[in-house]
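Topology and contacts: notes
Read off the chains here:
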Amino acid sequence: MALTPLLAMVRKDLRLFLTDRRAVLMSFAAPIVIASFFGSIFSSVGGMAERARMAVHIVDRDGGPISRAIVTAVRDDKHFAVTVSAPDDAWEAVRRGAAVAAVIIPPGFGDAAGRAFFGEPHKPQLKFLYDPARSAELAMVRGILTEHVMRAVSRELLPGRITFPYEVREEAVTARARVAYNSYAHAFAGMGVQFLLFAAVDLGIGILLDRQRGVWKRVRSAPLSRAMLLGGKAASGTIVTLMTLLVSFAFAMLVFKVRIEGSVLGFFAVSLACTLMATTFGLLIAALGGTPAATRGVATFAVLIVVMLGGAWVPTFIFPAWLQQVTVVVPARWAMDGLDAMTWRGLPLTAAVVPTLVLLGFAVLFGALALLRFPWDES
Amino acid sequence: MLEARGLGKVFGRVAAVDGVSLTLQPGQLLSLLGPNGAGKTTTVSILAGLLRPDHGEVLIDGHRMAGDADPAKRRVGLVPQEVALYEELSARDNLRFFGGLYGFHGAVLERALLTVLGLVGLADRARDRVATYSGGMKRRLNLAAGLLHDPDILLLDEPTAGVDPQSRLAIFENLEALKRRGKAILYTTHYMEEAERLSDRIVIMDHGQVIADDTLAGLHRDHPGARDLEGVFLALTGRTLRD
């Protein structure tokens, strides 16, 4: 009996959600499509996608044995798609964005490099033309090219006597040995979090629409406590947002072989805490919002900022250090950390405890603010 | 049955309701009239428990209404000014939801919704989405939703706004039937002929205060120059535009 009003509210909200095709599409299909796209961009799942090669132009104005050896080594490198070209063509390719960088080997480079190798202070210069929008890739080009230059110079000057002093063995650290990193896990977590926050915005806007069309008056005239009213909304919101997240992950598991490599219990704890945080965020929107249309714009902007800072689009490690520190106050960051930990990182249940508690803390904060600021009087 | 004592509500610097007192007995229909901004809707909101008065109290059979979850609210049914329904849902699903808020479920709920749908003549359209209804049908369903939990007191805020004559007549007949069954009805309207037809008593408000509270005959007695209720109303509230 006491639960009948709560169940009525949940049943009605679910019915409204399922009759709104746009809401269903946005909640289920959109995150899957976008996460699939992001996942494929960052994909390195064995054999599923080839890592894109960096387009590099190389201009050999020296033409000696060392420079020819460098050109050959660079052309054979799996990281590069190399075009040997004239200086003007190389400059134009970088200017148009068709190449990350162009490397110009000046005349006399091989001889000068040989002398510098044995200690002569004058060192020849390799000229780099680079696209300033892709400076991160420039560092990779420079590093790989350094290796090839060192190999070519040493091989030419001291054949068989000097070798490169180390080899690199790369090993991705994931959940377990022979479990490859699956970029779809992060992409689906990110888009799942983003779209469950969008679902929460819809929850808040729904309450504002109820107020606008007088339904909330009728609801408030029933003998129900404020906690029951907000609890009913929170319950239906949690169900819808949890469905959003779980449907996305179910798709990722079926199609992209995303697995919960860590604790299943931890995964569900983080997911539930995240949906509670999102739902109370929706209630806060309803408490602070004005007209539904204006509120939707502001809330959508807020969600986009939160998910961007939370690392839902791109991992937070590419952020500047100060920004990485700042994002600890962003709930989406904790959701992402928790979901990453339980999926591809394969960490144990203990790794889910802090993200879960922090997300629950945000839920309590948002819920308390919503309860305090909710405009209960119907004037 | 329903008694308001010295209700007051201030929004900012405006006293929307200022010392309003009125009583409503079983089987009685009270029309609450007033120009726009007179305080009618605020008064109804306070009586329905939607708005906490700054001062004064609302009593139902001597019980002082207090708090959102006061069980006495079950005895009050509200029909808001707006068509307060979910257009995306069917009439049946709307009523299931509103009935659920009062703890109705199962066979009791089904019986209640069949009764009210029959009363407002919408039983054959129960499964249709409200969005497909005409304006008059929506108003009748709006009334049905307020009656679903069989309240003793019915508060109707301009229930016939924008309704065609047929639906209006149907709503009048519903109200007269409810009155005969002993329901206490408070009715706000801008249509004087509705108040003349339906009312046992008429309360006229202006600037948040009750300026007249009498039967139709009593009002005419006090304003012998007025030809009809509209004349009485204009004599009391003046001809200055309020919007």
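Residues numbered from 1 in each chain as written. Chains lettered and ligands numbered in written order. Predicted model: local features only at pLDDT ≥ 70, side-chain atom pairs only at ≥ 80, totals over all residues.

**Points about the overall build of chain B**
Along the backbone of chain B there are 8 helices and 10 strands. Relative to a compact globule of 243 residues, whose C-alpha radius of gyration would be 18 Å, chain B shows 18 Å and is just as compact. In terms of overall dimensions, chain B has a C-alpha envelope of 50 × 40 × 35 Å along the principal axes. Counting across all 243 residues of chain B, residues that qualify as buried make up 47%. The contacts in chain B between residues at least 6 apart in sequence include a share of 70% that link residues at least 24 apart. (Helix = DSSP H or I, 4+ residues; strand = E, 2+ residues; numbered from the N terminus. Rg over C-alpha atoms; globule rule 2.2 N^0.38 Å. Buried ≥ 20, exposed ≤ 12 C-beta atoms within 10 Å, placed from the backbone. Contact = placed C-beta atoms within 7 Å.)

**Section: unusual backbone geometry**
For residues other than glycine, phi is negative in most cases, and the peptide bonds are mostly trans. All names here are of chain B. The backbone of glutamate 158 sits at a positive phi, close to 45°, despite the residue not being glycine. C-beta crowding within 10 Å serves as the criterion here: with 21 such atoms nearby, glutamate 158 is assigned to the buried category. Phi is positive for histidine 207, which is not a glycine, with a value near 50°. Secondary-structure assignment places histidine 207 in the loop between strand S9 (201-206) and strand S10 (209-214). Look at histidine 207 and you get partly exposed, because 17 C-beta atoms sit within 10 Å.

**Section: the packing of helix H2 (residues 91-101) of chain B against helix H3 (residues 106-119) of chain B**
All names here are of chain B. The geometry of H2 relative to H3 is characterised by a closest axis approach of 10 Å and an angle of 125° between their N-to-C directions. Here H3 runs oblique to H2, going by the angle between their axes. The hand of the H2/H3 crossing is right-handed. Between H2 and H3, the contacting residues are Ala91, Arg92, Leu95, Arg96 and Gly99 on the first element and Leu109, Ala112, Leu113, Val116 and Leu117 on the second. Considering only residue class, the contact of H2 with H3 consists of 7 nonpolar, 1 polar and 2 charged. (Axes fitted to C-alpha atoms, helices over the stretch in contact; angles between N-to-C directions. Parallel < 35°, antiparallel > 145°, perpendicular 65-115°, else oblique. Left-handed = near helix turned anticlockwise from the far one by under 90°. Nonpolar A, V, L, I, M, F, W, Y, C, P; charged D, E, K, R; others polar.)

**Quick notes on the interface of chain B and chain A**
Where interface size is quoted, it is often the accessible area lost as the parts come together. The partner chain A presents 26 residues to the 33 residues of chain B that form the contact. Counting residues per element, the ones that place at least two in the side of chain B that touches chain A are helix H1 (40-47), strand S6 (76-79) and H2 of chain B. Here the side of chain B that touches chain A gets 5 residues from one element, more than from any other, and that element is H2 of chain B. Of the residues contributing to the side of chain B that touches chain A, the split by class is 18 nonpolar, 7 polar and 8 charged.

**Re the domain arrangement of chain A**
Segmentation of chain A into domains returns domain 1 (7-45 + 180-373) and domain 2 (54-157). When each unit is reduced to the centre of its C-alpha atoms, the spacing between domain 1 of chain A and domain 2 of chain A is 48 Å. (Domains from an automatic or database assignment.)

**Here's the deal with the nonpolar core**
Where a protein is soluble and globular, its nonpolar side chains tend to be buried together. Counting residues in hydrophobic clusters, the biggest one holds 149 residues, and the most contacted among them are Phe188, Val193, Leu197, Cys274 and Met277 of chain A together with Ala144 and Leu155 of chain B. The dominant element in this core, judged by the number of residues it contributes, is helix H7 (residues 183-212) of chain A, at 18 residues. Among residues more than four places away in sequence, those in contact with cysteine 274 of chain A are Val193, Leu196, Leu245, Ala335 and Leu359 of chain A. Val56, Ile66, Val71 and Val103 of chain A belong to the second-largest nonpolar core, a separate cluster that totals 26 residues. (Core = buried A, V, L, I, M, F, W, Y, C linked by C-beta atoms within 7 Å.)

**What about the pairing of S9 of chain B?**
Successive side chains on a regular strand alternate, one facing one side of the sheet and the next facing the other. All names here are of chain B. Of all 6 residues that make up S9, 5 are buried, and the element is covered over most of its length. Note that strand S3 (residues 29-33) and S9 share 4 bridges and pair parallel. Bridge pairing in S9 places leucine 30 opposite arginine 201. When S9 meets S10, the two strands line up antiparallel, connected through 5 bridges. Residue aspartate 206 lies in a different strand from S10, and its bridge partner there is glutamine 209. Between S9 and the antiparallel strand that follows it, S10, lie 2 residues; histidine 207 among them carries a positive phi value of about 50°. (Pairing = 2+ DSSP bridges.)

**What to know about the sheet that holds strand S1 (residues 2-11) of chain B**
All names here are of chain B. What the 4 strands build is an open sheet, ordered S2-S1-S4-S5; its pairing is antiparallel. A strand with exactly one partner marks an edge of an open sheet, and here the two such strands are strand S2 (14-24) and strand S5 (63-64). By the bridge criterion, 5 bridges tie S1 to strand S4 (residues 55-60) in an arrangement that is antiparallel. Among the inter-strand pairings, alanine 4 is bridged to a residue of S4, identified as valine 58. The strands touched by H1 are S1, S2 and S4; relative to S1, the strand with the most contacts, the crossing angle is about 120°.

**A few points about the confidence of the model for chain B**
When pLDDT is low, close inspection of the predicted coordinates is not appropriate. Mean pLDDT over chain B stands at 91; residues scoring 70 or higher make up 99%. Reported confidences for the modelled complex are a pTM of 0.78 and an ipTM of 0.89. (pLDDT = per-residue confidence, 0-100.)

**A few points about the sheet that holds S9 of chain B**
All names here are of chain B. Taken in spatial order, the 6 strands of this open sheet run S6-S7-S8-S3-S9-S10, and their pairing is mixed. With partners counted over all chains shown, the strands left at the sheet margins are S6 and S10, one partner each. Neighbour-to-neighbour, the strand axes of the sheet open up by a mean angle of 15°, direction not taken into account. Seen against the sheet, helix H5 (residues 165-180) touches S3, strand S7 (153-157) and strand S8 (184-188) and runs at an angle of roughly 150° to S8.

**Brief notes about helix H9 (residues 226-256) of chain A**
The terminal C-alpha atoms of H9 of chain A lie 44 Å apart, and with 31 residues this matches the ideal 45 Å at 1.5 Å per residue to within 8%. Just downstream of H9 of chain A, lysine 257 of chain A is the residue with a positive phi angle, here 60°. (Expected span 1.5 Å × (residues − 1).)

**Description of the environment of valine 33 of chain A**
Residues and elements named next belong to chain A. With respect to the element layout, valine 33 can be found in helix H2 (residues 21-41). You can call valine 33 exposed: it has 11 C-beta atoms within 10 Å. In this structure the C-alpha to C-alpha distance between valine 33 and tryptophan 322, which are 289 residues apart in sequence, comes to 32 Å.

**Examining H5 of chain B**
All names here are of chain B. Between its first and last C-alpha, H5 extends 22 Å over 16 residues, near the 22 Å set by a 1.5 Å rise per residue. Residues Ser167, Ala170, Ile171, Leu175 and Leu178 constitute the buried set of H5. The buried residues of H5 occupy an angular sector of 135° when projected down its axis, which confines them to one face. Away from the buried face of H5 by more than 90 degrees, exposed residues Pro165, Gln166, Ala177 and Arg180 are located. Each element contacted by the buried residues of H5 is listed here: S3, helix H4 (135-147), S7, S8 and helix H6 (192-198). Just downstream of H5, glycine 182 is the residue with a positive phi angle, here 95°. (Arc of directions from axis to C-beta.)

**Concerning the packing of H7 of chain A against helix H13 (residues 331-342) of chain A**
All names here are of chain A. Contact pair H7 / H13: the axes reach a minimum separation of 10 Å and the direction vectors enclose 145°. Of the two possible hands of crossing, H7 and H13 adopt the one that is right-handed. On H13, the residues that touch His186, Ala189, Gly190 and Val193 of H7 are Ala332, Ala335, Met336, Leu339 and Asp340. Partitioning the contact of H7 with H13 into residue classes produces 6 nonpolar, 2 polar and 1 charged.

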